[in-house]
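The residues making up each chain are set out below.
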Amino acid sequence: MRTPVTLITGANGEIGHGLIHRLTEFGNTSIISLDLNPLSPALASKVTRHIMGSILDEQLLDRILVEYEIDHVYHLAALLSTRSEFAPMMAHRVNVEGTIAMLEFAQRQGESHGRPVLFLYPSSIAVYGMPSLEAKNRVGKVKEEEFLHPTTMYGCNKLYCEQIGNYYSRHYKQLAAEPQSGKIDFRCIRFPGLISAFTVPSGGTSDFAPEMLHAAAQNQPYACFVRPDSRIPFMTMPDSIDALLKLAQAPREQLTRTVYNIGAFNPSAAEIREIILRAFPQAEITTQVDAKRQGIIDSWPMDVDDSAARNDWGFAPHYDLQLAFEEYLIPNIRKRYL
Ligand code: SER
């Protein structure tokens, strides 16, 4: 049997690291990775080929199209929410134009080899925009269709690309004489904030949690940029990778939607600090609110309703708050900074 080739964009990012490790655990996946940067040495030996370049480089995508038959695309490349506010036009180029370029790429790939290309797309709780802190606290868990009024460029970009992915998957060129849709099987997860023991994020707004933890483990002081009562959903990196792979493997007919919320736990910044201090009592964690970034966190929901993901494809995170820190984060982070 042919080995399906998997293309991963933004492969050197946080999700890319976790995903490449997991996909290659059993050694039978052929991966082409694409990133602006070289792949970190821990990953380089695991992929079939790493291509250093941009998703906006049409000629590069054309060359990949000619050279490989790709069945799965994990389109992870993006500018996160904080960085996008400093460079909104660049965010639009990378997050929107880059995503459309990848959807076109997948469409053409599907047309040429005749099988639907599975397209996995990470979206985010940033697509939500709670009208006020009072509403955020009152509403609690939000459903996929609610409060879709993002205040950030990144949130707008992700929300639009969710729609455009659905368009390519189900309605592409719907007026053409020959049906053209169905060449892409677009599936999307709205991730909460992610916390990894092995990598640190850059340019996100949920970064206060992983930053607090990684600073404490290295005995460095950290000033948290949001109020202690700030609350958004989080998840461990292994659970987020599991979810991506589980959604990728789900039989198409079981999926009632293209976009799914998932969540695992939703501690306040104060609760995260307490847990970290129990493990690293010497840690110096203070608060220095950045009113603007706080505004973004206040606009994100305090929790998500992920019952559709649980019902349709059996999403079930392994780590709750306590296990996440006790079993995954603290032990691995201690080893990492020994
Ligand atoms: N966690 C990301 C960020 O903070 C959102 O997906 O930008």
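Preceding this section is the structure that the text describes.
Just so we're clear, the structure is a prediction, and the values are computed from it rather than from any experiment.

Caption draft 1: Structural context of the pattern of salt bridges. Counted under the stated rule, the structure contains 17 salt bridges. Taking the shortest distance from any N to any O, the salt bridge between Asp305 and Lys143 comes out at 3.3 Å. Linking Asp305 in the loop between strand E13 (303–304) and helix H12 (307–313) with Lys143 in the loop between strand E6 (141–142) and helix H7 (153–170), this pair joins segments that are 162 residues apart in sequence. Under the relative-accessibility criterion, Lys143 is labelled partly exposed at 45%. Among the ionic pairs, Arg227 bridges to Asp298, the shortest N-O distance being 3.2 Å. One end of the pair, Arg227, is in the loop between strand E9 (222–224) and strand E10 (234–236); the other, Asp298, is in helix H11 (residues 291–299), and 71 residues separate them in sequence. Through salt bridges that share partners, Arg22, Glu25 and Asp242 make up one connected network.

Caption draft 2: Structural detail: the sheet that holds strand E1 (residues 5–9). With respect to topology, seven strands assemble into an open sheet ordered E3-E2-E1-E4-E5-E7-E11, the strand pairing being parallel. Among the strands making up the open sheet, the edge pair consists of strand E3 (49–52) and strand E11 (259–261). When the angles between neighbouring strand axes are averaged without regard to direction, this sheet yields 15 degrees. Against the sheet, helix H1 (residues 14–23) touches E1, strand E2 (30–35), strand E4 (70–75), strand E5 (117–124) and strand E7 (184–191), its axis set at about 160 degrees to E1.

Caption draft 3: View of the side chain of Ser196. Along the chain, Ser196 turns up in the loop between strand E8 (193–195) and helix H8 (208–217). A residue is classified by how much of its surface remains accessible, and Ser196, at 4% relative accessible area, is buried. Side-chain polar atoms of Ser196 contact the backbone nitrogen of Phe198, separated by 3.0 Å. A distance of 3.2 Å separates a polar atom in the side chain of Ser196 from the backbone nitrogen of Thr199. When sequence neighbours within four positions are dropped, the list of residues in contact with Ser196 reads Glu14, His214, Met237, Tyr328 and Leu329.

Caption draft 4: Representation of the site of the ligand. Taken together, Leu80, Ser81, Ser124, Tyr154, Gly204, Thr205, Ser206 and Trp300 make up the full set of residues near the ligand. Contact distances for the ligand include 2.6 Å between an oxygen atom and a backbone N or O atom of Thr205. For the ligand, a nitrogen atom lies 2.8 Å from a polar atom in the side chain of Ser206. When the ligand sits alone it has 230 Å² of accessible area, and the protein chains cover 90% of it. Looking at the shell around the ligand residue by residue, the classes come out as three nonpolar, five polar and no charged.

What counts and how
Sequence positions are assigned chain by chain, starting from 1 and proceeding in written order. In view of the model being predicted, local features appear only for residues whose pLDDT reaches at least 70, and side-chain atom pairs are presented and counted only at 80 or more, with totals across whole chains, interfaces and linings using the full set of residues. Hydrogens and water molecules were not included; the side-chain quantities draw on all heavy atoms of the structure. One side-chain nitrogen of Lys or Arg within 4 Å of one carboxyl oxygen of Asp or Glu is enough to make a salt bridge. Helix and strand definitions here come from DSSP, where helices need a minimum of 4 consecutive H or I residues and strands a minimum of 2 consecutive E residues; each element is numbered from the N-terminal end. Burial classes: relative accessible area under 20% of the type maximum marks a residue as buried, over 50% as exposed, and values in between as partly exposed (1.4 Å probe, protein chains only). Here, a strand pair is defined by DSSP locating no fewer than two bridges between the strands. Orientation is described by axes fitted as lines to C-alpha atoms, over the contacting stretch for helices, and by angles from 0 to 180 degrees between their N-to-C directions. In what follows, residue pairs with any heavy atoms lying within 4.5 Å of each other are defined as contacts. Under the rule applied, a polar contact is a pair of N or O atoms within 3.5 Å (in protein, one hydrogen donor and one hydrogen acceptor; residues adjacent in sequence only if both atoms are side-chain atoms). Residue proximity to a molecule or strand is established when one non-hydrogen atom of the residue lies within 4 Å of it. Only the protein chains shown count as cover for residues, and all accessible areas are computed by the Shrake-Rupley method using a 1.4 Å probe. Throughout, the ten residues Ala, Val, Leu, Ile, Met, Phe, Trp, Tyr, Cys and Pro are labelled nonpolar, Asp, Glu, Lys and Arg are labelled charged, and all others, Gly among them, are labelled polar.

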